[in-house]
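Below, each chain spelled out in residue letters.
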Amino acid sequence: MTVKDFLKIVRHYLWLVIVIPVLAAAVVGVTGMLTPPSYVATATIGCTNEVGGAGGISGITSTKISDIEDGIIVKSVTDMSAKQIRITATGADGLACIDLVNQTALDVRAEAARTFPDQTFKLTKADAAYLQTTSTKRMALAAAIGGFFVALCLLLIWEACRRPVVSASSVKAVVNTPLLGTVPRTQGPAVLGANLRLITQGMNDATICFVPVNCPEAAQTVAQAAKDSLALNHVSASIHPLASGVDILESSESQDEAISLVLGPAPQEDPTVIFAAQEADAIVLCVQTWKDSQRNVESAINELGLAEITPDGVILLQQDKKSPSKEK
């Protein structure tokens, strides 16, 4: 898959690339607005003598905060180089955090003074609680960016699993036969007809069998475009839906100076098209973007190969928005 093909997939599923980031940003934004505020208050206990004093009272601190609840989380951090213990209380009520952290610090200092009478402990109480919050807009923006990359990853996974046909390069990757043209045309209006004349060696009464990969409607659309293009090459053509391959081929041969365009079903659905293709002067494989995958194309080629039939060319039906059955 080329970068251009992947950009076509992104454009085709643009709604997914938009919806996922928007939903992610909305969920994170609403969650952020509904989440109660979080305050943190900090008190410190410093040891004025040896560094080991801070390490010694760290165990005392852990026992003092182990049973603290009431929705407030109390933690302690020992800084050996600074010879101090930092105690923090985090919760939705700022005043309660201040009271709890100061009370915990007082209890720790009192216990430490009894345990280590040779040490001097200095307490710095918390005089305020600070709001801990992340901007809801920043969180929503980060969620949107993350959702965008998730959407791209989902498209990559989808492409790897299904391998959709999105352009001519997708077809050329699995088919060795020449691309006769695209519908709607990307070249001159008479190019498709000229290429059909080449594969039929210029015969004016040739029979061309159009074999769809999946949708018979695709063969109908392609055959009509081929008929119009042949008319620009001053060659008349008639379209014959395949009901019984042999009868149609015989009736088409009775028409003078007219190319017969025989429309068959997909090889996997009806083997009748195999018999029609064997009697035809040229076989054209009709591939439709988005509805057909590279696996479908390979399967159709294999079905024809079982009867030792090789398509003389491929015509790509480009359908980005509508299916052929909906077009008039």
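All figures in this text were calculated on a predicted structure; none of them were measured in a lab.

I'd like a rundown of the nonpolar core, residues and numbers included.
If you look at the biggest cluster of nonpolar residues, it comprises 25 residues, and the most contacted ones within it are Leu192, Leu196, Ile208, Phe210, Leu261, Val284 and Ile315. Where this core is concerned, the elements lending two or more residues are β6 (179-183), α7 (191-199), β7 (207-212), α8 (216-232), β9 (259-263), β10 (282-288) and β11 (313-317). Residues contacting leucine 192, with those up to four places away along its chain left out, are Leu180, Gly181, Val183, Ala225, Ala226, Ser229 and Ile315. With 22 residues, the next largest nonpolar core counts Ala276, Ala280, Leu304 and Ile309 among its residues.

Account for the packing of helix α1 (residues 3-12) against helix α2 (residues 14-34), with residues named and values stated.
Interaxial distance between α1 and α2 falls to 4 Å at its minimum, and their mutual angle equals 65°. By the angle between their axes, α1 is roughly perpendicular relative to α2. Touching Val10, Arg11 and His12 of α1 are Leu14, Trp15 and Val17, all from α2. Considering only residue class, the contact of α1 with α2 consists of four nonpolar, one polar and one charged.

Tell me about the pairing of strand β4 (residues 121-124), and name the residues and values.
Alternating positions in β4 separate cleanly, Phe121 and Leu123 being buried on one face and Lys122 and Thr124 remaining unburied on the opposite face. Of the strand pairs in this sheet, strand β1 (residues 38-47) and β4 are connected by four bridges, and their pairing is antiparallel. Within the sheet, the bridge partner assigned to threonine 44 lies in β4 and is threonine 124.

Account for the side chain of serine 170, with residues named and values stated.
With respect to the helices, strands and loops of the structure, serine 170 is situated in helix α6 (residues 168-172). In this structure serine 170 comes out as buried when scored by relative accessible area, which is 5%. At a separation of 3.4 Å, a polar atom in the side chain of serine 170 contacts the main-chain amide nitrogen of valine 166.

Describe the packing of aromatic side chains, naming the residues involved and giving the relevant values.
Inspection of every chain in the model, using the stated rule, returns three aromatic pairs. Here tyrosine 13 and tryptophan 158 contribute two aromatic rings whose centre-to-centre distance is 5.1 Å and whose plane-to-plane angle is 65°, an arrangement assigned as edge-to-face. With a gap of 145 residues between them, tyrosine 13 in the loop between α1 and α2 and tryptophan 158 in helix α5 (residues 136-162) connect regions that are remote in the sequence. Each ring, one from tyrosine 13 and one from tryptophan 290, has its centre 6.1 Å from the other, and the planes form 85°; the classification is edge-to-face. Here tryptophan 290 lies in the loop between β10 and α11 (294-306) and tyrosine 13 lies in the loop between α1 and α2, a separation of 277 residues in the sequence. A connected cluster of aromatic rings, assembled from ring pairs, spans Tyr13, Trp158 and Trp290.

Reading guide: rules and limits
Every chain's residues receive numbers from 1 upward, in the order its sequence appears when written. Where local features are concerned, this predicted model is filtered to residues with pLDDT of at least 70; where side-chain atom pairs are given and counted, the filter is 80 or more; whole-chain, interface and lining totals use all residues. With hydrogens and water excluded, all non-hydrogen atoms of the structure serve as input to the side-chain values. Residues enter a nonpolar core if they are buried and are Ala, Val, Leu, Ile, Met, Phe, Trp, Tyr or Cys, with the set joined through side-chain atoms within 4.5 Å. Only protein chains enter the accessibility calculation, which uses a 1.4 Å probe. A residue is then buried if its area is under 20% of the maximum for its type, exposed if over 50%, and partly exposed in between. Under the DSSP-based scheme used, a helix requires at least four consecutive residues in state H or I and a strand at least two consecutive residues in state E, with every element numbered from the N terminus. In what follows, a contact means two residues having at least one pair of non-hydrogen atoms within 4.5 Å. Note on geometry: axes are lines fitted to C-alpha atoms, helical ones only across the stretch in contact, with angles between N-to-C directions running from 0 to 180 degrees. Orientation labels follow simple angle bins: below 35 degrees gives roughly parallel, above 145 gives roughly antiparallel, 65 to 115 gives roughly perpendicular, and whatever is left gives oblique. Under the scheme applied, nonpolar residues are Ala, Val, Leu, Ile, Met, Phe, Trp, Tyr, Cys and Pro; charged residues are Asp, Glu, Lys and Arg; polar residues are all the others, including Gly. Paired strands are those between which DSSP finds at least two bridges. For this analysis, a polar contact is any N or O atom pair within 3.5 Å, provided that within protein one partner can donate a hydrogen and the other can accept it, and provided that sequence-adjacent residues contribute only side-chain to side-chain pairs. When the centres of two rings from Phe, Tyr and Trp lie within 6.5 Å, Trp using its six-membered ring, the rings pair. Their planes under 30 degrees apart give stacked, over 60 give edge-to-face, and anything left gives tilted.

Nothing here speaks to function; it is all geometry.
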